[in-house]
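# Examining the three-dimensional arrangement
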Amino acid sequence: MTMNITIERPFAATEKGMRINNEDFIYPLSELADSGQRLFMVCDGVGGAEKGEIASALACDSFQSFFETFFEDDDPSEDFINRVIRYTESRFDEYVKSHPEAKGMATTLTFLYVGVSGITIAHIGDSRIYQFRNGKILRATEDHSLVNSWVKLGRITREEAIVHPQKNVITRAITGTDDSVCADVALITDIQPGDYFLMCTDGVSECFTDEKLEAVFSRGLNAESVKNMIVEYCADEARDNFSFYILPVLGVQKIAGYKQYLLSFFYSLA
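Just so it is clear, the structure is predicted and the values come from calculations on it, not from any experiment. (Residues numbered from 1 in each chain as written. Predicted model: local features only at pLDDT ≥ 70, side-chain atom pairs only at ≥ 80, totals over all residues. Heavy atoms only, no water.)

## Concerning the overall build of the protein chain
Helix and strand counts for the protein chain stand at eight helices and twelve strands. A burial count over the protein chain gives 46% of its 270 residues as buried. Of the roughly 13600 Å² that the protein chain leaves accessible, carbon and sulfur atoms contribute 50%. (Helix = DSSP H or I, 4+ residues; strand = E, 2+ residues; numbered from the N terminus. Buried < 20%, exposed > 50% of the residue type's maximum accessible area, 1.4 Å probe, protein only. Areas by Shrake-Rupley, 256 points an atom, 1.4 Å probe, with all protein chains shown as cover.)

## Overview of the pattern of salt bridges
Pairing is possible between side chains of opposite charge, provided their charged atoms come close. Tallied over the entire structure, the rule returns eight salt bridges. With a shortest N-O distance of 3.1 Å, Asp190 and Arg133 are connected by a salt bridge. Of the two residues, Asp190 is situated in the loop between strand E10 (184-188) and strand E11 (196-200) and Arg133 in strand E8 (residues 128-133); the sequence distance between them amounts to 57 residues. Given a relative accessible area of 40%, Asp190 falls into the partly exposed group. Among the residues examined, Arg133 registers a relative accessible area of 14% and is labelled buried. Ionic contacts of the salt-bridge type, sharing partners, join the residues Arg133, Asp190 and Asp195 into one network. (Salt bridge = Lys/Arg side-chain N within 4 Å of Asp/Glu carboxyl O.)

## Focus on the side chain of Ser205
By secondary structure assignment, the location of Ser205 is in helix H5 (residues 202-205). With residues up to four places along the chain from it excluded, the contact list for Ser205 reads Arg128, Tyr130 and Cys200. (Contact = heavy atoms within 4.5 Å.)

## Some details on the pairing of strand E6 (residues 109-114)
The buried fraction of E6 amounts to six of the six residues, a majority that puts the element mostly inside the structure. Neither face of E6 is open: one carries Leu109, Phe111 and Tyr113, the other Thr110, Leu112 and Val114, and all of them are buried. Pairing analysis gives four bridges linking strand E4 (residues 39-46) to E6, with the strands arranged antiparallel. Within E6, the residue paired with Leu39 across the bridge is Tyr113. Examined bridge by bridge, E6 and strand E7 (residues 119-124) share six bridges and lie antiparallel to one another. Within the sheet, the bridge partner assigned to Leu112 lies in E7 and is Ile121. (Pairing = 2+ DSSP bridges.)

## Considering the nonpolar core
Judged by nonpolar contacts, the single largest core of 26 residues is most densely connected at Phe63, Phe67, Leu109 and Phe111. Contributions of two or more residues to this core are made by E4, helix H1 (52-70), helix H2 (78-98), E6 and E7. No other element matches H1, which puts seven residues into this core. If near-sequence neighbours (up to four positions away) are discounted, Phe111 is found in contact with Leu39, Phe40, Met41, Phe63, Phe67, Pro76, Ile81, Thr120, Ile121, Ala122, Ile129 and Met199. Formed by 21 residues, the second largest nonpolar core is a distinct cluster that contains Ala223, Ile230, Cys234 and Ala238. (Core = buried A, V, L, I, M, F, W, Y, C linked by side-chain atoms within 4.5 Å.)

Below, the structure written as structure tokens:
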């Protein structure tokens with residue numbers, strides 16, 4: 001089964017919050033995004049003085065250039081996405097070799113691709129992707145973080161994780177070939193018109209509980225108004241950089257494959 005998935009104009013923001021500089025990066029830049037865009041990324045650079053802002057921008061550039069050069073399928077596979085990560089890690093190595101002061105730079109990653117079999121998502125670190133339907137969270141990625149691993153082991157509760165002093169320690173990030181990682185990848189086929197996808201750094205997710213996010217998305221506002229609400233709230237609450245993309249699903253047309261069409265045709269004649 002293939003799909004013709006259309007989205008409305010996406011909206012995004014990337015702000016430094018209360019930090020001196022912005023180590024987040026989004027692709028495409030918000031002013032360049034339109035309803036025809038298929039590939040989206042939101043990255044949170046890690047490293048401070050070790051050039052986190054370079055890491056997030058380099059990751060986005062590496063993904064975009066690799067896709068532009070090598071992607072020939074309808075939907076990116078898990079293997080293909082991890083090949084892009086290997087390429088990105090090698091570019092990190094090259095940059096650090098030329099700029100030793102950047103040793104230690106890293107970035108999280110959220111990735112989303114609107115394909116023909118569904119929407120492919122991938123993530124590394126504690127930047128998240130949410131899917132909303134009728135204002136409720138239908139799906140959310142699971143953080144690669146120290147506190148989340150403790151929650152899964154039963155050492156602390158989810159409520160304790162939110163305020164834990166080590167809540168920002170991540171267990172997976174793109175750094176280089178010496179510490180190679182893989183993304184968690186999923187193909188989402190349960191998509192309906194009116195769904196929203198939110199990709200965001202932890203500067204957003206730390207400001208909003210699930211309940212607060214659902215309150216924003218349940219108001220029936222358009223994507224631009226939702227964007228403005230999130231920016232306004234994070235501007236007052238976020239201690240970190242905050243960046244996000246909002247993707248509103250406009251339509252989903254399911255198209256049966258040619259073999260399925262023939263079978264259904266012959267069955268109708270029986």
